[in-house]
Amino acid sequence: MNKMQKEKSGAFIVNETDSNDVFIPEEFNEEQLMIADTCRSFIDTEVAPHFEQIDKGDRALMRDVLKKSGELGLMGVSIPDNYGGFGQDFVTQMLAAEVIGSAYSFSVAFMAHTGIGTLPIMYYGNEDQRQRYVTKLASGECLGAYCLTEPGAGSDANSGKTTAVLSEDGKHYILNGQKMWITNGGFCDTQVVFAKIDKDRILSAFIVESDWEGVEIGQDEHKLGIKGSSTTQIYYNDVKVPVENLIGKRGEGFRIALSILHMGRMKLGANVIGAAKSAVTLSVNYANERKQFGTLIANFGAIKYKLAEMVIRVFAHESAIYRVSKDIDVLMDDYKKTYEDAGRAAIDAISHFAVEDAILKVYGSEMLDYVVDEGVQIHGGMGYSAEMGIERGYRDSRINRIFEGTNEINRLLIVESMIKFAKKGNYDLFGEAEKLNESINDLCEMKIEGGYYEQKMTTISHFKKVIALVIKAFTNSFKSIAQEQEIQNNIANMIMELYITESLALRVKKIEDTHNNASLPLYKDILDVKLYDAARIINKEALEAIASFSETAEDRIPLVNAIKALTDVPLVNVKDARRRIADKIIEENRYKI
Amino acid sequence: MKILVCISDVPDTTTKVKFKDDNTAFETAGVQWVINPWDELSLTRAVEMKEKTPGLIDNITVVTVGPKESEATIRKALAIGADNAIRVDALPKDAFYVASQIAEAVKNENFDIILTGIDSADYNGSAVGGMLAEMLDLTSVSSVSSLNAENSKVTVTREIEGGTETIEAATPFLAIVQKGIAIEPKIPAMRGIMMARTKPLKVVEPADSETLTHIEKFEMPQAKGACKKFDAEGVDELVNLLHNEAKMI
Ligand SMILES: Cc1cc2nc3c(=O)[nH]c(=O)nc-3n(C[C@H](O)[C@H](O)[C@H](O)COP(=O)(O)OP(=O)(O)OC[C@H]3O[C@@H](n4cnc5c(N)ncnc54)[C@H](O)[C@@H]3O)c2cc1C
């Protein structure tokens, strides 16, 4: 692979990316594939036989299975060797997360433990805290939880009321308060708890052990899905937390909480791929067995449409996930050269990609919801039966739009971060928009010409122009864009479509340039359909946004014309393209494209 | 004791089998390769014995006859727990050729126990184990479903018509193993995967050997026909169809 360029979060809005500079899943190395295989074998043999029992709320079994994954080393994938882990790069961490993502409630418990339960200590803890806790969390000897949310503090996470007061002898913080919705609450050994010291405005973070006096764990919540994962309230009544257990500095907790959420969003983006691929497999298995009107339902165009759309979205999302994962690795290596602490270098590189992680969290969770929803539909009445795996998949998918920051919050973050980074000078979004505005009438004359990829990339560059123009007009029209969430949503949806589609196009081009792959024509079908759809979505969102501005209809005309012209793409025979994609899945009888 | 596990690199069992070159060759494009399931179980048993009884097994070697691409499979075997590997750099043409190559590569290594699978999931020849035992002049037992070893002795159980037979034999010894030798294949742990990179993998040139067989062509099994159902009253028709259409009676 070429030497990778260092990417800046959000810069894709104006920059063009060379397909040689993106990493694609076709490039996993042998060791990465072996790690993925190990995760898959573990799930097949140790978790899948117990899906039902786990969902019945057998917490001892869940704990047991988690511990076994620890024995195999799976909990140490993201942890450096000097703390008992295996120091894998981010791409590998994401690949492991993808595979684990197919394990329903186990996946949630595992990801909470290895991610938000462990990494705050790994990334922000001192040497002593890492030795005392991370080593045990990496081996599975201890199981972890992350306690941020409170009854009165959900999306507004910094508004929590839990307090930490320094004891008179200066040896302890006395913790009081209540946390809510804590994953692994019912069986965790350690907790990362966020609380405010004295009258601080900003949170601090602490390591609390579950068996300390005054820690009271509530009953498991009865939930819509992920029933096998333990979710509880936790109460702190005068809990004595040794001062050595403050993570990072006083008042650093909110920053820690947010950075860890950035990491969690990325990993969630990987988890949903595994869940979606297994939902596709369940669905095509059923379509290949169920007969109606004398034929397999897989032969019906309506079913093929669904299967194809599932695959298109999974494949496109996957392209974006591994693209950004490699960007993170490149930045991480760069930071490691100058940072004193490798943990901080890692988390700063991950949380740098704020625009992308919010995109992947939102797109990924909605992709999975689409896939499981259509999966149930393919199963007809059987899809509604608790006997079928797809029913569990359907229920378990829903949480992904809620935790790790709701999709509403993340849509706002996509736009806010993109504008913030542009204003910081990371890329010249506003300058570009200014230039486009100067010759706005010429934009109606832009042509899509050249070979296959040239045409695709030109179309994508047109999307960028549309979004830049809309953002510019938006920020010009409103003093406080925060008050205009509907328009922010329009813009967020466009940015998501752009990033996902561009990542897909770069992947397909790179496959054509560097791999001899028999499925290439199908990948091009995927790209054709996705690009066509993205153009429609961007057209709608852009026009809707513009129509919502206070400008008079007359002022809008040049901009509206430009948007219409730039999102005008050639017609595609989407029916045949989707049929070819579906036929491949039907032939393979599983997600394999 | 030193154990040798012979492993063969076979298409994943879920592979959609296709042929090319006028049905004379297996189409390998898009195929995923894995350790032959019996070989994986043999290796699992070898690693279990090594881990359970400290000091009993000093070394586990895996050997394969295959091209460079089979090294992914070899490294998986190293990740599972083999200590080192030998690859004979040749395409595995037929059973005699493979057995000759392995025999040549290991004849001076003095293995106490050699394990081969009862067959390989691709060509199902069931011949390498027996041939290899002959070539190395070793005692061998086939259809082995359990294996234990102590000092210079092995105890194996083997499937026989209607039951099992327990046999004791002195080493050096070759077991041709099947189901039961280990319960589940051992999953490579993260530590094993990391260590696999650094374990020795010796590549040896193939020895001169004949290929005694040659593949004329492959044929797919006939697709199963549709299922026909008859009511209890339809016996006459059933007999008629079995006789005239299926020509079974
Ligand atoms: C099963 C489960 C497991 C969880 N695990 C953990 C855990 O391990 N640790 C932990 O700390 N937390 C955990 N959570 C909490 C989770 O992160 C929160 O539920 C989530 O952040 C939303 O907070 P909330 O429930 O208070 O909703 P609210 O913040 O009350 O939101 C209600 C609605 O209002 C919207 N909304 C809120 N603010 C805005 C805004 N500014 N603009 C537009 N819309 C807005 C939201 O998007 C949502 O649609 C878990 C939750 C669940 C359900």
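Residues numbered from 1 in each chain as written. Chains lettered and ligands numbered in written order. Predicted model: local features only at pLDDT ≥ 70, side-chain atom pairs only at ≥ 80, totals over all residues. Heavy atoms only, no water.

Enquirer: Would you explain the overall build of chain A in this entry?
Expert: Each helix and strand counted, chain A has 19 helices and 10 strands in total. In terms of C-alpha radius of gyration, chain A reaches 24 Å, essentially the compact-globule figure of 25 Å for 593 residues. Its C-alpha atoms give chain A principal-axis dimensions of roughly 75 × 60 × 45 Å. Burial statistics for chain A: of 593 residues in total, 61% are counted as buried. Of the contacts made within chain A by residues no fewer than 6 positions apart, 77% connect residues no fewer than 24 positions apart. Here chain A has roughly 23,200 Å² of accessible surface; of this, 48% comes from carbon and sulfur atoms. (Helix = DSSP H or I, 4+ residues; strand = E, 2+ residues; numbered from the N terminus. Rg over C-alpha atoms; globule rule 2.2 N^0.38 Å. Buried < 20%, exposed > 50% of the residue type's maximum accessible area, 1.4 Å probe, protein only. Contact = heavy atoms within 4.5 Å. Areas by Shrake-Rupley, 256 points an atom, 1.4 Å probe, with all protein chains shown as cover.)

Enquirer: Before we go on, may I ask you to explain the overall build of chain B in this structure?
Expert: Helix and strand content of chain B: six helices and 13 strands. Reported as C-alpha extents along the three principal axes, the dimensions of chain B are approximately 70 × 45 × 40 Å. Within chain B, the proportion of its 249 residues that are buried is 42%. Taking as baseline every contact in chain B between residues at least 6 positions apart, the subset at least 24 positions apart corresponds to 69%.

Enquirer: Explanation requested: the sheet that holds strand β11 (residues 163-170) of chain B in the structure shown.
Expert: By way of backbone hydrogen bonds, the strands of a sheet pair with one another, either parallel or antiparallel. Residue and element names in this part refer to chain B. On the basis of which strands lie adjacent, the open sheet formed by nine strands has the order β11-β10-β9-β12-β8-β1-β6-β7-β13 and mixed pairing. Each of the sheet's edge strands pairs with one partner strand only, and the pair in question is β11 and β13 (201-204). Within this sheet the neighbouring strands show an average axis-to-axis angle of 30°, counted without direction. Note: strand β10 (residues 153-160) against β11, eight bridges, orientation antiparallel. Residue Val154 lies in a different strand from β11, and its bridge partner there is Ala169. Strands β1 (2-6), β6 (59-65), β8 (113-117), β9 (139-150) and β12 (173-177) of the sheet are contacted by helix α1 (residues 37-52), whose axis makes an angle of about 165° with β1. (Pairing = 2+ DSSP bridges. Axes fitted to C-alpha atoms, helices over the stretch in contact; angles between N-to-C directions.)

Enquirer: How do you make sense of the site of the ligand when you look at a structure like this?
Expert: All names here are of chain A. Taken together, 18 residues lie near the ligand, and Thr149, Ser155, Trp181, Thr406 and Glu408 sit nearest. Contact distances for the ligand include 2.6 Å between an oxygen atom and a side-chain N or O atom of Ser155. At 2.9 Å from a nitrogen atom of the ligand is found a side-chain nitrogen or oxygen belonging to Gln485. When contributions to the shell around the ligand are tallied by element, the ones reaching two or more residues are β3 (172-183) and α13 (407-423). For the shell around the ligand, a count of residues per class yields 10 nonpolar, six polar and two charged. Each of two domains, domain 2 (146-247) and domain 3 (253-408), supplies a minimum of three residues to the shell around the ligand. (Near = heavy atom within 4 Å. Polar contact = N/O pair within 3.5 Å; in protein donor to acceptor, adjacent residues only side chain to side chain. Nonpolar A, V, L, I, M, F, W, Y, C, P; charged D, E, K, R; others polar. Domains from an automatic or database assignment.)

Enquirer: Explain the domain arrangement of chain A to me, please; I cannot follow it from the model alone.
Expert: Accessible area lost when the parts come together is the quantity often used to give the size of an interface. Residue and element names in this part refer to chain A. Looking at chain A, the domain boundaries give domain 1 (11-142), domain 2 (146-247), domain 3 (253-408) and domain 4 (427-588). For domain 2 and domain 3, the distance between their C-alpha centres works out to 29 Å. Taken together, the contact between domain 2 and domain 3 spans 15 residues of the former and 12 residues of the latter. Each partner contributes to the roughly 1,000 Å² buried at the junction of domain 2 and domain 3, and carbon and sulfur atoms together form 74% of this total. Looking only at domain 2, the three residues that lose the most surface to domain 3 are Tyr146, Leu224 and Ile226, adding up to 41% of its buried area. Across the domain 2-domain 3 interface, the total number found is zero salt bridges. Counting every contact that joins domain 2 to domain 3 gives four residue pairs in polar contact (both at pLDDT 80 or more). Of the residues in the side of domain 2 that touches domain 3, the class split is 10 nonpolar, four polar and one charged. (Buried area = accessible area lost by both parts, 1.4 Å probe. Salt bridge = Lys/Arg side-chain N within 4 Å of Asp/Glu carboxyl O.)

Enquirer: Explain the nonpolar core to me, please; I cannot follow it from the model alone.
Expert: A general feature of soluble globular proteins is that nonpolar side chains tend to end up buried together. Counting residues in each nonpolar core, the largest one holds 250 residues, and the members touching the most others are A:Phe106 and A:Val208. The next biggest cluster of nonpolar side chains, apart from the first, holds 21 residues, and it includes B:Val63, B:Val88, B:Leu136 and B:Leu138. (Core = buried A, V, L, I, M, F, W, Y, C linked by side-chain atoms within 4.5 Å.)

Enquirer: Please explain a nonpolar patch on the surface as it appears in this structure.
Expert: A cluster of nonpolar side chains, namely B:Val235, B:Val239, B:Met248 and B:Ile249, defines an oily patch on the protein surface of about 400 Å² accessible area. With respect to the helices and strands, the residue B:Ile249 is situated in the segment after α6 (235-244). (Patch = residues over 30% accessible without salt bridge, like charges linked within 9 Å, V, L, I, M, F, W, Y side chains within 5 Å.)

Enquirer: What is the right way to look at the interface of chain A and chain B in this model?
Expert: Taken residue by residue, the interface counts 19 residues in chain A and 18 residues in chain B. With both sides pooled, the region where chain A packs onto chain B buries about 1,600 Å², and carbon together with sulfur makes up 61% of that total. Ranking the residues of chain A by area buried against chain B places A:Glu30, A:Met34 and A:Phe86 at the top, with a combined share of 33%. Applying the counting criterion to the chain A and chain B interface returns three salt bridges.

Enquirer: Would you take a moment to explain the packing of aromatic side chains for this structure?
Expert: What characterises a pair of aromatic rings is the spacing of the ring centres plus the angle enclosed by the ring planes. Counted by the stated rule, this structure contains 13 aromatic pairs over all chains. Ring geometry for A:Phe42 against A:Phe106: centres 6.0 Å apart, planes inclined by 50°, an arrangement best described as tilted. Residue A:Phe42 is located in helix α1 (residues 30-47), and its partner A:Phe106 is located in helix α5 (residues 104-114); the two are separated by 64 residues in the primary sequence. You can call A:Phe106 buried: its relative accessible area is 1%. With a centroid separation of 4.5 Å and an interplanar angle of 5°, the aromatic rings of B:Phe19 and B:Phe218 are classed as stacked. (Phe/Tyr/Trp six-rings, centres within 6.5 Å; stacked < 30°, edge-to-face > 60°.)

Enquirer: Got a minute to help me understand the confidence of the model for chain B in this structure?
Expert: Where the model shows low pLDDT, its predicted coordinates should not be examined in detail. Overall, the predicted model of chain B reaches an average pLDDT of 90, with 99% of residues at or above 70. For chain B, per-element mean pLDDT is lowest for strand β4 (residues 25-26) of chain B, which scores 84, and highest for strand β7 (residues 84-88) of chain B, which scores 98. (pLDDT = per-residue confidence, 0-100.)

Enquirer: Just checking my understanding: could you explain the environment of A:Ala302 for this structure?
Expert: All names here are of chain A. Mapped onto the elements, Ala302 comes out in helix α9 (residues 301-338). The exposure class assigned to Ala302 is exposed, which follows from its relative accessible area of 54%. For the pair Ala302 and Ile378, spaced 76 residues apart in sequence, the C-alpha separation works out to 9.4 Å.

Enquirer: Sorry if this is basic, but what is going on with the pattern of salt bridges here?
Expert: Close approach of charged atoms allows side chains of opposite charge to pair. Inspection of every chain in the model, using the stated rule, returns 58 salt bridges over all chains. Between A:Glu374 and A:Lys306 there is a salt bridge; the shortest N-O distance is 3.2 Å. With A:Glu374 in helix α11 (residues 354-379) and A:Lys306 in helix α9, this pair connects stretches of sequence that are 68 residues apart. Residue classification places A:Glu374 among the buried residues on the basis of a relative accessible area of 12%. With its nearest N and O atoms 3.6 Å apart, the salt bridge here joins B:Glu109 to B:Lys202. Here B:Glu109, found in the loop between α3 (95-106) and β8, pairs with B:Lys202, found in strand β13; they are 93 residues apart in sequence, far enough to count as distant. Each member of the salt-bridge network shares a partner with another, and the members are A:Glu30, B:Lys68, B:Glu71, B:Arg75, B:Arg87 and B:Asp89.

Enquirer: What should I look at first to understand helix α16 (residues 485-514) of chain A in this one?
Expert: In an α-helix there are 3.6 residues to a turn, and that puts residues three or four apart on one side. With 30 residues, α16(A) should reach 44 Å at 1.5 Å per residue; the first-to-last C-alpha distance of 43 Å fits that figure. With 23 of 30 residues buried, α16(A) lies mostly within the body of the structure. (Expected span 1.5 Å × (residues − 1).)

Enquirer: What am I meant to see in helix α4 (residues 128-136) of chain B here?
Expert: All names here are of chain B. For α4, the set of buried residues is Gly129, Leu132, Ala133 and Leu136. Along α4, the residues classed as buried sweep out an arc of 100° about the axis, all on the same side. Looking at the packing, one finds that the buried side of α4 touches β1, α3, β8, β9 and β12. Immediately downstream of α4, the backbone of Asp137 shows phi near 55°, a positive value. (Arc of directions from axis to C-beta.)

Enquirer: How should I be thinking about unusual backbone geometry in this particular structure?
Expert: Working note: non-glycine residues mostly have negative phi, and peptide bonds are mostly trans. Residues and elements named next belong to chain B. The peptide bond linking Thr171 to Pro172 adopts the cis configuration, its omega dihedral lying at 0°. Mapping Pro172 onto the fold places it in the loop between β11 and β12. Unlike most non-glycine residues, Asn23 shows phi in positive territory, near 60°. Relative to the helices and strands, Asn23 resides in the loop between β3 (19-20) and β4.

Enquirer: I'm lost on the side chain of B:Asn36 in this one. Help?
Expert: With respect to the helices and strands, the residue B:Asn36 is situated in the loop between β5 (33-35) and α1. The residues touching B:Asn36, leaving out its near neighbours within four places in the chain, are B:Ser8, B:Val10, B:Asp119, B:Ser120 and B:Ala121.

Enquirer: What is the right way to read the environment of A:Phe90 from this model?
Expert: All names here are of chain A. Along the chain, Phe90 turns up in helix α4 (residues 90-100). In the structure, Phe90 is positioned 378 residues away from Ala468 in sequence and 30 Å away in space, judged by C-alpha atoms. Among all residues touching Phe90, those that are not within four sequence positions of it are Met266, Lys267, Ser325, Ile328, Asp329, Met332 and Ile350.

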